[in-house]
Amino acid sequence: AQTVTQSQPEMSVQEAETVTLSCTYDTSENNYYLFWYKQPPSRQMILVIRQEAYKQQNATENRFSVNFQKAAKSFSLKISDSQLGDTAMYFCAFMKGNGGSQGNLIFGKGTKLSVKP
Amino acid sequence: EPEVTQTPSHQVTQMGQEVILRCVPISNHLYFYWYRQILGQKVEFLVSFYNNEISEKSEIFDDQFSVERPDGSNFTLKIRSTKLEDSAMYFCASRSTGRPDFGNGTRLTVT
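What you are looking at is a predicted structure, and each value in this text was computed from that prediction instead of being measured.

Rules behind the numbers
Residues numbered from 1 in each chain as written. Chains lettered and ligands numbered in written order. Predicted model: local features only at pLDDT ≥ 70, side-chain atom pairs only at ≥ 80, totals over all residues. Heavy atoms only, no water. Disulfide = S-S within 2.5 Å. Helix = DSSP H or I, 4+ residues; strand = E, 2+ residues; numbered from the N terminus. Buried < 20%, exposed > 50% of the residue type's maximum accessible area, 1.4 Å probe, protein only. Pairing = 2+ DSSP bridges. Axes fitted to C-alpha atoms, helices over the stretch in contact; angles between N-to-C directions.

Undergrad: So what about the state of the cysteines? Which residues, and what values?
TA: Taken as a whole and judged by the stated rule, the model has two disulfides over all chains. Through a disulfide, C23 of chain A is tied to C92 of chain A; the S-S separation comes to 2.0 Å. Of note, the bridge from C23 of chain A to C92 of chain A carries an S-S torsion of about -70° and is left-handed in sense. You can see C23 of chain A sitting in the loop between β3 (19-21) and β4 (24-26) and its partner C92 of chain A sitting in strand β10 (residues 88-96), a full 69 residues away along the chain. The class for C23 of chain A is buried, based on a relative accessible area of 2%. The class of C92 of chain A is buried, set by a relative accessible area of 0%. With a sulfur-sulfur separation of 1.9 Å, C23 of chain B is cross-linked through a disulfide to C92 of chain B. Taking the sign of the S-S torsion, about -65° here, the bridge from C23 of chain B to C92 of chain B comes out left-handed. Here C23 of chain B, found in strand β3 (residues 19-24), pairs with C92 of chain B, found in strand β9 (residues 88-95); they are 69 residues apart in sequence, far enough to count as distant.

Written out as structure tokens, the structure is:
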């Protein structure tokens, strides 16, 4: 069974600074996807970034980037130039890459990020 | 951009009552999911649905739960006899071949 571990329950960062959120996972699968979701106080689930395991290049979306280390089963999220609107809960999630009907997500427990002015 | 729609946004019900949570997935998506998030906890997978049948379910998804896609557009989650511990945010998600898209959730409060 797959597991996802986020070891930082809470983090804080000053506005405009950079912060890195950690995520490790355990799987015997070779093909899979990894995601970071943002959950603001409204409790919506907003996709931040995704990474396909077969891609060596780290995914980047504007101020958000990942450090994907497949051998170490590590998938950290870096937020550059942090903004007040980045304050939210961040969840790391794993999905089997064979797709199909088993494409359900396994989530970590989340990291609560506070961006301070 | 197409989105997953969930109704209602908040539902309050009494213990023992039946509730139906509704979702309209994105129209060309093939796979549908329900997730649950108890306040302050992580998001947990409940069930996946494909080709008009359940393809996978978690331990949480016991006989009190059922899902249906009655008319080709709606996707519903029914809880037959609600318990206090069913109070949670329930998220519907759908996908084609890529990432899952989530609805905004239904907050269920059981009193």
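Undergrad: Account for the sheet that holds strand β8 (residues 75-79) of chain B, with residues named and values stated.
TA: All names here are of chain B. An order of β1-β3-β8-β7 is seen for the four strands of this open sheet, with the pairing classed as antiparallel. Each edge of the open sheet carries a strand with a single partner, namely β1 (5-7) and β7 (65-68). Direction aside, neighbouring strands of the sheet carry axes that sit 20° apart on average. With four bridges joining them, β7 and β8 adopt antiparallel strand pairing. Considered in β8, the bridge of S66 is made with K78.

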